[in-house]
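# Per-entry structural report
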Amino acid sequence: QVQLVESGGGLVQTGGSLRLSCAASGGTISNYAMGWFRQAPGQEREFVSFISWSGSTTWFANSVKGRFTIARDNAKNTVYLQMNSLKPEDTAIYYCAARFRTNLPVLNAPSYDLWGQGTQVTVSS
């Protein structure tokens, strides 16, 4: 069973950058499309970004488009979320998720098969 572990969260000032990593163990992510979601206190989990199984398709929420990028390194069994120009409203717990062999964007959380435990991102104003 593939397990996902996020890292790279922390406290950053408005306008700063962070790179989140999602490392897989117990299997390979090369068979999975990967997504990033986030959940702020008192709010529902929301979609942030997607990268397809093949890596050829990426998708972003409108709120992060142009500021965030997603990439995968199957050799390192890791997916990355580069977050630039961070805003206080980006503050949340960020989760990575995996869905088996999907190339079309999947934006809804229940469609994902595997989840990490999350990493906290806090953007101060």
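A brief look at the structure comes next. (Residues numbered from 1 in each chain as written. Predicted model: local features only at pLDDT ≥ 70, side-chain atom pairs only at ≥ 80, totals over all residues. Heavy atoms only, no water.)

## Notes on the side chain of Asp90
- With respect to the helices and strands, Asp90 occurs in the loop between strand S8 (78-83) and strand S9 (92-100).
- Residue classification places Asp90 among the buried positions, given a relative accessible area of 0%.
- Setting aside its immediate chain neighbours within four residues, Asp90 contacts Arg38, Val64, Arg67, Phe68, Ser85, Val121 and Val123. (Helix = DSSP H or I, 4+ residues; strand = E, 2+ residues; numbered from the N terminus. Buried < 20%, exposed > 50% of the residue type's maximum accessible area, 1.4 Å probe, protein only. Contact = heavy atoms within 4.5 Å.)

## Some remarks on the environment of Ser125
- One can find Ser125 in the segment after strand S11 (119-124).
- Ser125 gets classed as exposed once you look at its relative accessible area, which sits at 88%.
- Apart from the residues within four sequence positions on either side, Ser125 is in contact with Thr14 and Pro88.

## Regarding the pattern of salt bridges
- Under the defined criterion, the tally for this structure stands at three salt bridges.
- A salt bridge links Glu46 to Arg38; its shortest N-O distance comes to 2.6 Å.
- Taking the relative accessible area as the measure of exposure, Glu46 reaches 34% and is therefore partly exposed.
- Residue classification places Arg38 among the buried positions, given a relative accessible area of 5%.
- One salt bridge connects Arg38 with Asp90, and the closest N-O pair in it is separated by 2.9 Å. (Salt bridge = Lys/Arg side-chain N within 4 Å of Asp/Glu carboxyl O.)

## Comments concerning the state of the cysteines
- Tallied over the full model, the rule gives one disulfide.
- Each sulfur of the disulfide joining Cys22 and Cys96 lies 2.0 Å from the other. Between Cys22 and Cys96, the S-S torsion sits near 55°, and that sign places the bridge as right-handed. Within this pair, whereas Cys22 is found in strand S3 (residues 18-25), its partner Cys96 is found in strand S9, the two being separated by 74 residues in sequence.
- For Cys22, a relative accessible area of 1% gives the class buried.
- On the basis of relative accessibility, which here comes to 1%, the residue Cys96 falls in the buried class. (Disulfide = S-S within 2.5 Å.)

This is a description of form; function is not addressed.
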